[in-house]
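# Understanding the architecture of this molecule
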Amino acid sequence: MPATRRTGAPPVPGRPRSVGVVAPILSGSFWGPVLIGIHEAAQRRGFRTLVLRGTPSEVQAPSLAREQVDGWIVAIEFDGLEELVRAGVPFISLGARPSDIDCPSVLPDNHGGIRRAVRHLIEHGHRRIAFVGNLGAYDVRERRDAYEDTLAEAGIPFDPELVIPCDNNMYSGGRGAAPALLAKLPACTAAVFGTDKNALGMMSAMKAAGVRIPEDFAIIGFDDVVEAQSADPPLTTIRQRFEMMGRAACNLIAAMIDGEPFSPAGVRTANTLIQRGSCGCNVIQSFLDMDAAAPPAAPGEDEGDALAHQMVELLLVPQPLPQDAAPTDVWPAVTRVVDMYLAALRGTGTAPAAELERAYRQAVDVTPDLGTLMATVRLLAQHPERRGAPLDAAARRRVDDFLDLARLAIARARLGAETQHVHQLGVLARTNHDVSFALLGGTRQEYRSLAWLETTTVVWGCLALWEDPAARDHLVVAGAYSRDGSPVPPDGSRCAREAFPPVEMLPPSAADGTFMVLLLPIRSAQRDWGILALVGPTVVAMTGDEGTVAIWGTLLGAALERDALLESLSAQHADLQKAFAIERALSETVRELGCPIIPLLPGVLLVPLIGMIDGGRAQQVLEKVSEGVSRHGARRVLLDLTGVAFVDAQVAHLLGMTSRAAALLGARVYLVGVRPELATRLVDVDLGGLATYASLSAALRELGPAGKRERQAVR
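So, here is what we can say about the structure in this document. (Residues numbered from 1 in each chain as written. Predicted model: local features only at pLDDT ≥ 70, side-chain atom pairs only at ≥ 80, totals over all residues. Heavy atoms only, no water.)

## Remarks on the sheet that holds strand β19 (residues 604–610)
Our working rule: When DSSP finds two or more bridges between two strands, those strands count as paired. Helix and strand labels come from DSSP, where a helix needs a run of H or I of at least four residues and a strand needs a run of E of at least two; each type is numbered from the N terminus. Axis lines are fitted to C-alpha atoms, over the contacting stretch for helices. Their N-to-C directions set the angle, which ranges from 0 to 180 degrees.
Spatially, 5 strands are ordered β18-β19-β20-β21-β22 in an open sheet, and the strand pairing comes out mixed. Edge positions in the sheet fall to β18 (598–601) and β22 (691–693), since each of these pairs with one other strand and no more. Sheet twist, expressed as the average angle between the axes of neighbouring strands with direction ignored, equals 30°. Across 3 bridges, the pairing between strand β21 (residues 668–672) and β22 is parallel. Bridged to Val672 within β22 is Tyr693.

Here it is, written out as structure tokens:
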């Protein structure tokens, strides 16, 4: 046995002991059961559970909530794990082992599970067996190594060409790898998969390609997700219980916190092969034969107690019933089922159908697997033979009637569970619609107040935004919600990240560990906004289907981003309005300066023009000259073109119109400073009797007093 060691920290006065969980995903077929297992084990040990969504780096572990957590469980992704090492706080890994950090880990028995799968295919006569999986995942790499080792044990040469990589652990990964595997057929006749979802994705692609399963190709998965038993054909797989991993992880970190002995290597959780149709086994018979060789009751052991124990252990496979637990702790009605069976066996009573169905509804809560549930009935059917007491015809008829009734009860209980699941999906869809509408269509006050949590099962919530998004050392409460009347922190109150959420404000259901606390980082593409703290029955109950809690966080981040953008646009709009007003004032000034009217001499106006003259400015000259002649009673207007570089035909035409308009008002327009190049453009323009002067000085000499005297002398 590996050496054990002790660690631990003194308890923090005034708050309950807490286990922190850092996980990148919080719901779905793997994460939901793991978190439920952690929470259940924490409750039994008197700990509360605080869950952070993200990697250690993303959630700033151990800084965020440091004053709230005594030890950490870090699942799958380890970016930033070195900060936990430097902080010296107890932590373990779950689902994978860090490559460069030594810490206890909780992992499934990947080697044992794959060994059972490969050996089973070999027993079916297969020799060219492929391995398909996402080799970027730690547990899948362990499973690939176990596949190679098992082939070597069986004397089958390892062919690296039969290792088919997938892009991910999901259905799409299996579908994406299908062409590579199909290219190996028909020489390759079977495959073991790193995950069930890879296997199920591959099955759909292979069937679309005309491959018959299992006649042409046998498949075994790993995990035993719910969809495995309803696949066509049902998927043979390695069953592991994810909640079992969660319980093992919680017990391990709690032992470290309390200074109890623990294995430095960590824990490997058990799994078992579940035979179904995808490998060529008889689906029903394989399940019904499970534990068929169970030993009879020990001397002195009650016959009914032994049956109840065996039935519960069937439901729990691969997890054994804990030594200190009674069968009724797992399945409360199991003893009543056994009593009804024994009554039918002995002819002392009949089983009420409704009561039997209620009993099997409890069994469905333990495992939804139909084959396992049917195995409990087969166990009862084999009981007389195992105890060496064959039945007479009447007893056989009574037992058969009871067994048929039990099978019907199982079918109805499973149907009820499926109906309830569909109903829950409907509720989830409506809830997500309401939440989405509130976050994307509501006002700033509505979504920050967290009133939208009313449609969920969350009982308490607090939204806190980073005071300084760059430093991220203090949070400011932006809104809070309480369904049960528990106090909430006031808006605007500050809290150091180490102390968030404020322990004195958490509802009693969180402080005593009844409900877990979820910390959800709120981010958008542009900014890390803050943290949303939620308290509710469990993460699964709070968020339902896979990805829902992530959607809440994404929508809330989008709402915050939208408001920030609107505020920015509003500020920019105000700035633009101000700039427009300034521009209008400048435009008016430029307009005035662009065509100044200068009273030069009595009855004479000077209009100096500079720069380019386009159609608009020429129209302005027309209007300003007409207005100036009328206002000043001018008889002569000097249009000085000395500073004008270019005049086109349109402008020349407007200058002619200016001359004619002035003439109608009793004045005459003179062009001053006409250069040869301008003159050539004015030749064909009707200028309305417009006269010219070579320069302004020439115009002044003629129009001034001296010029006037010269004209009088000539006359």
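## Some remarks on a negative patch on the surface
Selection rule: The patches described consist of residues with a relative accessible area above 30% and no salt bridge, like charges being joined within 9 Å and nonpolar side chains (Val, Leu, Ile, Met, Phe, Trp, Tyr) within 5 Å. Accessible surface is estimated by sampling points in the Shrake-Rupley manner with a 1.4 Å probe; for residues, cover comes only from the protein chains shown. Counted as salt bridges are all cases of a side-chain nitrogen of Lys or Arg within 4 Å of a carboxyl oxygen of Asp or Glu. Here the positive residues are Lys and Arg and the negative ones are Asp and Glu; neither His nor the chain ends is included. Lys charges are placed at NZ, Arg charges at CZ, Asp charges at CG and Glu charges at CD. Accessibility here uses a 1.4 Å probe with only protein chains present; expressed as a share of the type maximum, an area under 20% marks a residue as buried, one over 50% as exposed, and anything in between as partly exposed.
Residues Glu58, Glu77, Asp79, Glu82 and Asp100 make up a contiguous surface patch of negative charge. For Asp100, the position within the fold is in the loop between β4 (91–94) and β5 (105–108). Exposure remark for Asp100: the relative accessible area of 67% places this residue in the exposed category.

## Some remarks on empty space enclosed by the protein
For clarity, the threshold we go by: Using a 1 Å grid laid over the protein atoms alone, points where a 1.4 Å probe fits but cannot get out form a cavity; open sets with protein on both sides within 12 Å along at least 5 of 7 lines form a pocket; any residue with an atom within 4 Å of a point counts as lining. Grid points are joined across faces, edges and corners, and a volume is the space filled by probe spheres set on the points. For this classification, Asp, Glu, Lys and Arg are treated as charged, while Ala, Val, Leu, Ile, Met, Phe, Trp, Tyr, Cys and Pro are nonpolar and the rest, including Gly, are polar.
Within this structure, the stated rule accounts for 1 cavity of 30 Å³ or more. Glu58, Val59, Gln60, Leu64, Trp466, Arg472, Pro521, Arg523, Asp528 and Ile531 together form the lining of the largest cavity. Breaking the lining of the largest cavity down by element, the ones donating at least two residues are β16 (516–523) and β17 (528–536). Here the lining of the largest cavity is composed, by residue class, of 5 nonpolar, 1 polar and 4 charged.

## Points about the layout of surface pockets
Considering only enclosed or pocket space, the second largest pocket measures out at about 710 Å³ in volume. Every residue lining the second largest pocket is counted, 32 residues in all, and those nearest its centre are Phe30, Trp31, Ile76, Asp139 and Asn169. At the level of elements, α4 (138–153) and α7 (242–258) are the ones that each hand at least two residues to the lining of the second largest pocket. Per-element accounting of the lining of the second largest pocket gives the leading share, 4 residues, to α4. Of the residues contributing to the lining of the second largest pocket, the split by class is 15 nonpolar, 9 polar and 8 charged.

## Observations concerning the sheet that holds strand β1 (residues 18–23)
Heads up, the condition is: Contacts were defined at the residue level, with two residues in contact if any of their heavy atoms lie within 4.5 Å.
The mixed open sheet is built from 11 strands, whose spatial order is β11-β5-β4-β3-β1-β2-β16-β17-β13-β14-β15. Of all strands in the sheet, those with a lone pairing partner are β11 (266–269) and β15 (494–496), marking the two edges. Averaged over all pairs of adjacent strands, the angle between strand axes in this sheet comes to 25°, irrespective of strand direction. Where strand β2 (residues 48–53) and β16 come together, 3 bridges link them in parallel fashion. Its bridge partner being in β16, Leu52 is matched across the sheet by Leu519. Against the sheet, α7 touches β1, β3 (71–75), β4, β5 and β11, its axis set at about 165° to β4.

## Remarks on the side chain of Thr269
Secondary-structure assignment places Thr269 in strand β11. When its relative accessible area of 5% is taken as the criterion, Thr269 is described as buried.

## A word on helix α14 (residues 393–441)
What counts here: Expected span, for any helix, means 1.5 Å times one less than how many residues it has. In protein, a polar contact means a hydrogen-donor-capable atom and an acceptor-capable atom, both N or O and within 3.5 Å, with residues adjacent in sequence counting only if both atoms are side-chain atoms; elsewhere, any N or O pair within 3.5 Å suffices.
Its 49 residues place the ends of α14 71 Å apart at the C-alpha level, agreeing with the 72 Å of an ideal helix rising 1.5 Å per residue. Of the residues flanking the start of α14, the one acting as N-cap is Asp392, its side-chain oxygen 3.2 Å from the backbone nitrogen of Ala394.

## So, unusual backbone geometry
Residue Val317 is joined to Pro318 through a cis peptide bond whose omega torsion reads 10°. On the secondary structure map, Pro318 appears in the loop between α9 (303–316) and α10 (327–330). Cis geometry marks the peptide bond from Phe500 to Pro501; its omega dihedral reads 0°. Inspection of the secondary structure assignment puts Pro501 in the loop between β15 and α16 (508–511). Despite not being glycine, Ala65 has its phi angle at roughly 65°, a positive value. Within the secondary structure layout, Ala65 lies in the loop between β2 and β3. Although it is not a glycine, Ile76 adopts a positive phi angle of roughly 70°. Along the chain, Ile76 falls in the loop between β3 and α2 (81–87).

## Quick notes on a nonpolar patch on the surface
Taken together, the side chains of Leu565, Leu566 and Leu569 make up a nonpolar region of the molecular surface, amounting to roughly 280 Å² of accessible area. Mapped onto the secondary structure, Leu565 falls in helix α18 (residues 548–594).

## Some remarks on the pattern of salt bridges
Per the stated rule, a full pass over the model turns up 34 salt bridges. Note that Asp216 is salt-bridged to Arg212, the shortest N-O span being 2.9 Å. Of the charged contacts, one joins Glu355 and Arg336 as a salt bridge, the two residues approaching to 2.5 Å between their closest N and O atoms. Remark: Arg336 occurs in helix α11 (residues 334–346) and Glu355 occurs in helix α12 (residues 353–366); sequence separation between them is 19 residues. The class of Glu355 is partly exposed, set by a relative accessible area of 22%. Residue class for Arg336 comes out partly exposed when judged on its relative accessible area of 34%.

## Quick notes on the pairing of strand β20 (residues 636–643)
Put simply, the test is: Every crossover in which the path from the first strand over the helix to the second runs clockwise, viewed with the strands pointing away from the viewer, is termed right-handed.
The pairing of β19 with β20 spans 6 bridges and is classified as parallel. Considered in β20, the bridge of Leu605 is made with Val637. The β-α-β motif built from β19, the intervening helix α19 (residues 615–632) and the parallel element β20 has right-handed crossover chirality. Taking the sense of rotation as the criterion, the β-α-β connection linking β20, helix α20 (residues 649–664) and β21 turns out right-handed.

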